[in-house]
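# Secondary and tertiary structure notes
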Amino acid sequence: MNTHNIELQNSHLDLEDETVQKVLSLYDQHDEAPYISPDRNLEEWLKAVEIGSESLVPKRNMKRLEEGILPGHLILLWRISFSTFTNESVFPKYFEYTYGVNAEQALQEVQEKHYAIELSAFASLTHLNAAHLRSLLKDKNVKGYTQLTKGQLMERIKGVYLEDELARLFNVRGYKLTPIGLSLLEKYSDIIDKHPQKKF
């Protein structure tokens, strides 16, 4: 069974378990086995693979790049590049089942490697709806905001709140690619091009 780099994503697996061994053996020809969620029903998944209703993660997606990351990390960076991804976004199944990565862990890794950063509360205001923005102004007893556009509401908020104060009032935060992250998307554009462009 393939235990190469097992500690990077699959340290939670019981390697003595026969079902786990069967799953990892399917990936003996891969550079490493993909991430297997502890919530996955391995018996059902194995049956689905046998009848062809589930597929293995492609070999190309388990080849680490020069930077030590997997193609799935690049897809996460690509997703962040649209400026709609937040700490409340749901990770699509394809991160695990097509790209073999633990998306939550990958998000931490791309930040640790300075490929992406979590935005401040001010910079994350764009992820709030207009009603929420108005309520923030109302709490500060600001007048004359009812007809303002979303952009104008955000500017007014920036004029009456401090960052630390605002950060305590809502939890959603956006993400942004750093120049290094952007350069990776350019460097490995062929990987991005293989991903369905409308499939976030």
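Note that the structure is a prediction, hence the values are computed from the model and not measured.

Conventions adopted
- Residues numbered from 1 in each chain as written.
- Predicted model: local features only at pLDDT ≥ 70, side-chain atom pairs only at ≥ 80, totals over all residues.
- Heavy atoms only, no water.
- Helix = DSSP H or I, 4+ residues; strand = E, 2+ residues; numbered from the N terminus.
- Buried < 20%, exposed > 50% of the residue type's maximum accessible area, 1.4 Å probe, protein only.
- Contact = heavy atoms within 4.5 Å.
- Polar contact = N/O pair within 3.5 Å; in protein donor to acceptor, adjacent residues only side chain to side chain.
- Axes fitted to C-alpha atoms, helices over the stretch in contact; angles between N-to-C directions.
- Parallel < 35°, antiparallel > 145°, perpendicular 65-115°, else oblique.
- Nonpolar A, V, L, I, M, F, W, Y, C, P; charged D, E, K, R; others polar.
- Arc of directions from axis to C-beta.
- Salt bridge = Lys/Arg side-chain N within 4 Å of Asp/Glu carboxyl O.
- Phe/Tyr/Trp six-rings, centres within 6.5 Å; stacked < 30°, edge-to-face > 60°.
- Lys NZ or Arg CZ within 6 Å of the ring centre and 35° of its normal.

## Points about the environment of Tyr-188
The topology assignment puts Tyr-188 in the loop between α10 (179-187) and α11 (189-194). Taking the relative accessible area as the measure of exposure, Tyr-188 reaches 11% and is therefore buried. When the C-alpha atoms of Tyr-188 and Gln-111 are compared, they prove to be 18 Å apart, with 77 residues separating the residues in sequence. When neighbours within four sequence positions are excluded, Tyr-188 is seen to be in contact with Leu-65, Glu-66, Glu-67 and Leu-74. Of the polar contacts made by the side chain of Tyr-188, one reaches the side chain of Lys-187; its length is 3.4 Å.

## Points about the packing of helix α4 (residues 71-80) against helix α6 (residues 103-112)
Contact geometry of α4 with α6 gives a least axis separation of 10 Å together with a crossing angle of 75 degrees. When the axis of α4 is compared with that of α6, the two are roughly perpendicular. Contacts between α4 and α6 pair His-73, Leu-76, Leu-77 and Ile-80 from the former with Ala-103, Ala-106, Leu-107, Glu-109 and Val-110 from the latter. Broken down by class, the residue content of the contact of α4 with α6 amounts to seven nonpolar, one polar and one charged.

## Quick look at unusual backbone geometry
At Asn-5, a position not held by glycine, the phi torsion is positive, near 60 degrees. Among the structural elements, Asn-5 can be located in the segment before α1 (6-9). For Ser-83, which is not glycine, the phi dihedral falls at a positive 65 degrees. Here Ser-83 lies in the loop between α4 and α5 (94-97).

## Remarks on helix α2 (residues 18-25)
What α2 keeps buried is the set Thr-19, Val-20, Val-23 and Leu-24. An end-on view of α2 places all buried positions within 135 degrees of arc, on one side of the element. Projecting away from the buried face of α2 at angles above 90 degrees are the exposed residues Glu-18 and Lys-22. Of the surrounding elements, those touching the buried residues of α2 are α1 and α3 (42-51). Of the residues flanking the start of α2, the one acting as N-cap is Asp-17, its side-chain oxygen 2.9 Å from the backbone nitrogen of Thr-19.

## Looking at the pattern of salt bridges
Where charged atoms from two side chains of opposite charge approach closely, those side chains can pair. Tallied over the full model, the rule gives seven salt bridges. Note that Glu-67 is salt-bridged to Lys-187, the shortest N-O span being 2.7 Å. In this pair, Glu-67 sits in the loop between α3 and α4 while Lys-187 sits in helix α10, placing the two residues 120 residues apart along the sequence. On the basis of relative accessibility, which here comes to 43%, the residue Lys-187 falls in the partly exposed class. A salt bridge links Glu-155 to Lys-158, with the nearest nitrogen and oxygen atoms 3.6 Å apart. Linking Glu-155 with Lys-158, this pair stays in helix α8 (residues 150-160), spanning three residues, or about one helical turn. Its relative accessible area of 38% is what places Lys-158 among the partly exposed residues. Residues joined by salt bridges that share partners form a network here, namely Glu-66, Glu-67 and Lys-187.

## Considering the packing of aromatic side chains
One pass over the full model with this rule turns up six aromatic pairs. Between Trp-78 and Phe-82, the ring centres sit 5.0 Å apart and the planes meet at 90 degrees, which makes this aromatic pair edge-to-face. A relative accessible area of 6% means that Trp-78 is categorised as buried. When the centroid spacing of 5.7 Å and the interplanar angle of 45 degrees are considered together, the rings of Phe-85 and Tyr-175 count as tilted. Taken as a pair, Phe-85 in the loop between α4 and α5 and Tyr-175 in strand β2 (residues 175-177) lie far apart in primary sequence, 90 residues in all. Take Phe-85 and Tyr-175: they sit in the same class, and that class is buried. Aromatic ring contacts, followed pair by pair, group Phe-85, Phe-91, Tyr-94, Phe-95, Tyr-99 and Tyr-175 into a single cluster. The ring of Tyr-161 carries Lys-140 above its face, with NZ or CZ at 4.9 Å from the centroid.

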